[in-house]
Amino acid sequence: MSDCTQFPAWKELRDHKRDMAKIQMRFLFAEDPKRFKRFSMDAVGILLDYSKNRITNTTMRLLTQIALDAELPNAIEAMFGGEKINRTEGRAVLHTALRNQSGNPVLVDGEDVMPLVRGVLARMRAFTDAVRSGEWLGHTGKRITDIVNIGIGGSDLGPVMVTQALTYYAQAGLKAHFVSNVDPSQMMETLAVVNPETTLFIVASKTFSTPETLLNAQAARRWLVKQLGTEKAVAKHFVAVSTNTKKVQAFGIDTANMFEFWDWVGGRYSIWSAVGLPVALMIGMDNFEELQAGGYAMDEHFRSAPLEKNMPVIMALLGIWHNDFWNADSHAVFPYDQYLGRFPAYLQQLDMESNGKSVTFDGKQVHCQTGPIIWGEPGCNGQHAFFQLVHQGTRLVPADFLVAVESHHPVEHQHEVLLSNCFAQTKALMRGKTRDEARVELIRAGMTGDSLEALLPHKVFPGNRPSSTLLYRKLTPRTLGSLIALYEHKVFVQGVIWNINSFDQWGVELGKQLAGAIESGLLSDERVTEHDSSTNGLMNACKRMRAS
Ligand code: F6P
């Protein structure tokens, strides 16, 4: 493994960037009528248009060379082959096995994990069918109407995002709720709207030791037992999703009601596992398997397509280009698809928990920027909120635009308005508006003289702002599966090039450790003195305010 900044292509890219800084994309489009054809591609029903980026053939050739120098093809095979590429935790990384439809074995430590995977999928099918058909009844004999998923991070964001994205496919009469925050308001507001007799709680935690989740699960359990008057009710109203059988038992959930997954599935990659149970309950197991099939289709593309025609690789390389050569601090994701409202939040964990690292595999400081800040909101809403900065602010914000060709809900020509806005934004970002163009517009609007000159600078758009567009026919379970896998692999490719471990998350530990000591200080009556003055001051202020 090596330092990517020392690759000859990296150095060439630095020089090339200086040349590219003199070129406006609008001229590249004017020069080359085939630019869209040259810089767009289709895979598994998704079209990626990356022509509106500051790239030429040379850029893409050099970026691809970086991927080759980082031995990306070997890294891809190592991941799919079950090697323990998560070296700091000594684990394989095999979320791809969860959606593997090849019929081939996938080995971890010499054992084929596919029978385990299929076994849990079969149990999920039996359980979700029973709940959806009304065969599984609550303790008092009533049908389940509400599902409350209790989990946080990867045990929440995937289920929330996918459930919302596939609402169109949800079973009528079933409602999903998600409680993640230890802030009791979320659980209390949820319990206020569900009926204990008809509610199923899913406690989802890979480790089954995450305090937020366990506290919420205990609160829900106390509530249920109180409402239904017996501990026995728990068996019909609580199921668990975890890798930790002992802790599930210790919590008091019968392992007959536990859906297992394994340590080779990272939390933020776990939507394909039993963590997807709330999704499968809402949309049915057939649709859940369609989601997996979409992920598998992207896996096959990623494994087999040459690097220069490989969608996750291209997106990863463009990200590296913006991040490491143009100093873009963030990467925006704008779904012009209301169903994908939580997709940016989902990608925040996927990308920032994976690639928010500053030491390489061998423990050395990295010499380049790693993962960007991921953010975004659905369009058109973003246009009326923060797009001003994206168009005319001082920062470079590379962005992905995602949009379906067809809506699930054709209403007049509203979907065409959505599409038009999406395409107009990427065009405006690319072209901008020159001083001359702005001047002509103002003259046409009847302005002249000093007032024209005063307004003119405000009407100029610098343009040359990069974006990529992902276009798909309709947001189906299969398409969504492919989109999620696309971003998973993009993040993986970037991690390989930066030579960082995309699959651990030690950076979340320190705050967790400190919270314990702070909690005991807050619970005691003593004045707090053992922390820094800010932390002491805040804790003592809490006590004062509480007492007043
Ligand atoms: O604190 C970060 C994290 O470990 C995430 O990686 C994970 O998705 C989340 O917490 C929840 O963990 P668990 O599923 O074990 O409760």
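Calculation criteria
- Residues numbered from 1 in each chain as written.
- Predicted model: local features only at pLDDT ≥ 70, side-chain atom pairs only at ≥ 80, totals over all residues.
- Heavy atoms only, no water.
- Pairing = 2+ DSSP bridges.
- Helix = DSSP H or I, 4+ residues; strand = E, 2+ residues; numbered from the N terminus.
- Axes fitted to C-alpha atoms, helices over the stretch in contact; angles between N-to-C directions.
- Contact = heavy atoms within 4.5 Å.
- Near = heavy atom within 4 Å.
- Polar contact = N/O pair within 3.5 Å; in protein donor to acceptor, adjacent residues only side chain to side chain.
- Areas by Shrake-Rupley, 256 points an atom, 1.4 Å probe, with all protein chains shown as cover.
- Nonpolar A, V, L, I, M, F, W, Y, C, P; charged D, E, K, R; others polar.
- Core = buried A, V, L, I, M, F, W, Y, C linked by side-chain atoms within 4.5 Å.
- Buried < 20%, exposed > 50% of the residue type's maximum accessible area, 1.4 Å probe, protein only.
- Parallel < 35°, antiparallel > 145°, perpendicular 65-115°, else oblique.
- Left-handed = near helix turned anticlockwise from the far one by under 90°.
- pLDDT = per-residue confidence, 0-100.
- UniProt positions renumbered as here; feature names shortened; annotations may be inferred.
- Salt bridge = Lys/Arg side-chain N within 4 Å of Asp/Glu carboxyl O.
- Phe/Tyr/Trp six-rings, centres within 6.5 Å; stacked < 30°, edge-to-face > 60°.
- Right-handed = clockwise from strand over helix to strand, strands pointing away.

### Here we look at the sheet that holds strand β10 (residues 330-336)
Part 1: With mixed pairing, six strands are arranged side by side in an open sheet as β1-β2-β13-β12-β10-β11. Bordering the open sheet on either side are β1 (40-43) and β11 (373-375), each of which pairs with just one other strand. This sheet shows a mean twist of 15 degrees between the axes of neighbouring strands, independent of strand direction.
Part 2: Where helix α16 (residues 343-355) meets the sheet, it contacts β10, β11 and β12 (399-404), and its direction lies at approximately 165 degrees from that of β11.

### A word on the site of the ligand
Part 1: Surveying the vicinity of the ligand reveals 14 residues, the closest of which are Ser155, Ser205, Thr207, Thr210 and Glu353.
Part 2: Separating an oxygen atom of the ligand from a side-chain N or O atom of Ser155 is a distance of 2.7 Å.
Part 3: Within the contact set of the ligand, an oxygen atom lies 2.7 Å away from a backbone nitrogen or oxygen of Lys206.
Part 4: Out of a free accessible area of 400 Å², the ligand has 86% covered by protein chains.
Part 5: Across the shell around the ligand, the residue classes break down as two nonpolar, nine polar and three charged.

### Re the nonpolar core
Part 1: Membership of the largest hydrophobic core comes to 122 residues, with the highest contact counts inside it found for Trp264, Phe343 and Phe492.
Part 2: With 12 residues, the single largest contributor to this core is helix α21 (residues 477-498).
Part 3: When near neighbours in sequence (up to four residues on either side) are disregarded, Phe492 contacts Leu72, Ala75, Ile76, Met79, Ile85, Phe302 and Phe503.
Part 4: With 24 residues, the next largest nonpolar core counts Val148, Phe208, Val234 and Ile253 among its residues.

### Examining helix α5 (residues 72-80)
It helps to recall that an α-helix has 3.6 residues per turn; residues three or four apart then point in one direction.
Part 1: Those residues of α5 lying buried are Leu72, Ala75, Ile76, Ala78, Met79 and Phe80.
Part 2: Contacts made by the buried residues of α5 are with α4 (57-69), α6 (95-98), α14 (285-304), α15 (311-325) and α21.

### Concerning the packing of helix α8 (residues 157-165) against α16
Part 1: Running from N to C, α8 and α16 cross one another at 155 degrees; their axes reach a closest spacing of 9 Å. With respect to α16, the element α8 is oriented roughly antiparallel. Crossing of α8 against α16: the hand is left-handed. Of α16, the residues touching α8 (which contributes Leu157, Gly158 and Met161) are Phe343, Ala345, Tyr346 and Gln349.
Part 2: Along the lines of polarity and charge, the residues of the contact of α8 with α16 split into five nonpolar, two polar and no charged.

### Quick notes on the side chain of Thr64
Part 1: Its location among the elements puts Thr64 in helix α4.
Part 2: A residue is classified by how much of its surface remains accessible, and Thr64, at 11% relative accessible area, is buried.
Part 3: Not counting chain neighbours up to four residues away, the residues in contact with Thr64 comprise Leu307, Glu308 and Leu317.

### Considerations on the confidence of the model for the chain
Part 1: Mean pLDDT for the chain: 97, with 100% of residues reaching 70 or above.
Part 2: Under the prediction, the complex receives an ipTM of 0.98, its pTM being 0.98.

### A closer look at the sheet that holds strand β8 (residues 238-242)
Part 1: Here we have five strands laid out as an open sheet, ordered β6-β5-β7-β8-β9, and parallel in their pairing. Here the strands that pair on one side only, and so sit at the sheet edges, are β6 (175-179) and β9 (258-260). The average angle at which neighbouring strand axes cross in this sheet is 20 degrees, direction not considered.
Part 2: Direction of pairing for β8 relative to β9: parallel, over a ladder of three bridges. In the sheet register, Val241 faces β9, and the bridge partner there is Phe259.
Part 3: Sitting on the sheet, helix α7 (residues 114-133) touches β7 (199-204), β8 and β9, and the angle it makes with β9 is about 145 degrees.

### Looking at the packing of helix α1 (residues 8-20) against α15
Part 1: Where α1 meets α15, the closest approach of the two axes is 11 Å, and the angle between their N-to-C directions is 75 degrees. Put simply, α1 runs roughly perpendicular to α15. In this structure, α1 contributes Trp10, Leu13, Arg14, His16, Lys17 and Met20 to the contact, and α15 contributes Ile320, Trp321, Asp324 and Phe325.
Part 2: Grouping the constituent residues of the contact of α1 with α15 by class yields six nonpolar, one polar and three charged.

### Description of the UniProt feature "active site" (unreviewed entry) in the chain
Part 1: The UniProt record marks Glu353, His384 and Lys512 with the feature "active site" (unreviewed entry), using the residue numbering of this structure. A stretch of 160 residues holds the annotated residues, and the largest C-alpha distance among them is 37.2 Å, long enough that they do not meet in one place.
Part 2: With relative accessibility at 22%, the residue Glu353 sits in the partly exposed group.
Part 3: Setting aside residues no more than four positions away along its own chain, Glu353 makes contact with Arg268, Gln348, Asp504, Gln505 and Val508.
Part 4: Among the polar contacts made by the side chain of Glu353, one reaches the side chain of Arg268 at a distance of 2.9 Å.

### Section: the pattern of salt bridges
Part 1: Going through the model one piece at a time under the given rule, you end up with 24 salt bridges.
Part 2: A salt bridge links Arg303 to Glu77; the nearest nitrogen and oxygen atoms lie 2.7 Å apart. Residue Arg303 is found in helix α14, and its partner Glu77 is found in helix α5; the two are separated by 226 residues along the sequence.
Part 3: Lys357 is paired through a salt bridge with Asp504; the nearest N and O atoms lie 2.9 Å apart. Within this pair, whereas Lys357 is found in the loop between α16 and β11, its partner Asp504 is found in the loop between α21 and α22 (509-523), the two being separated by 147 residues in sequence. When sorted by exposure, Lys357 lands in the same class as Asp504, which is buried.
Part 4: Shared partners join several salt bridges into a network, and the residues in it are Arg26, Arg431 and Glu437.

### Things to note about the packing of aromatic side chains
Part 1: Evaluated as defined, the whole model comprises 25 aromatic pairs.
Part 2: Judged by centre distance (5.9 Å) and plane angle (75 degrees), the rings of Phe208 and Phe251 are edge-to-face. Highlighted residues: Phe208 in the loop between β7 and α10 (211-228) and Phe251 in helix α12 (residues 245-251), separated in sequence by 43 residues. Pair check on accessibility: Phe208 and Phe251 agree, each one buried.

### Section: the pairing of β6
Regular strands show a simple pattern: their side chains alternate between the two faces of the sheet.
Part 1: For strand β5 (residues 146-150) and β6, the ladder comprises five bridges, and the chain directions are parallel. Directly across from Val148, in β6, lies its bridge partner His177.
Part 2: Crossover handedness for the path β5 to α8 to β6: right-handed.

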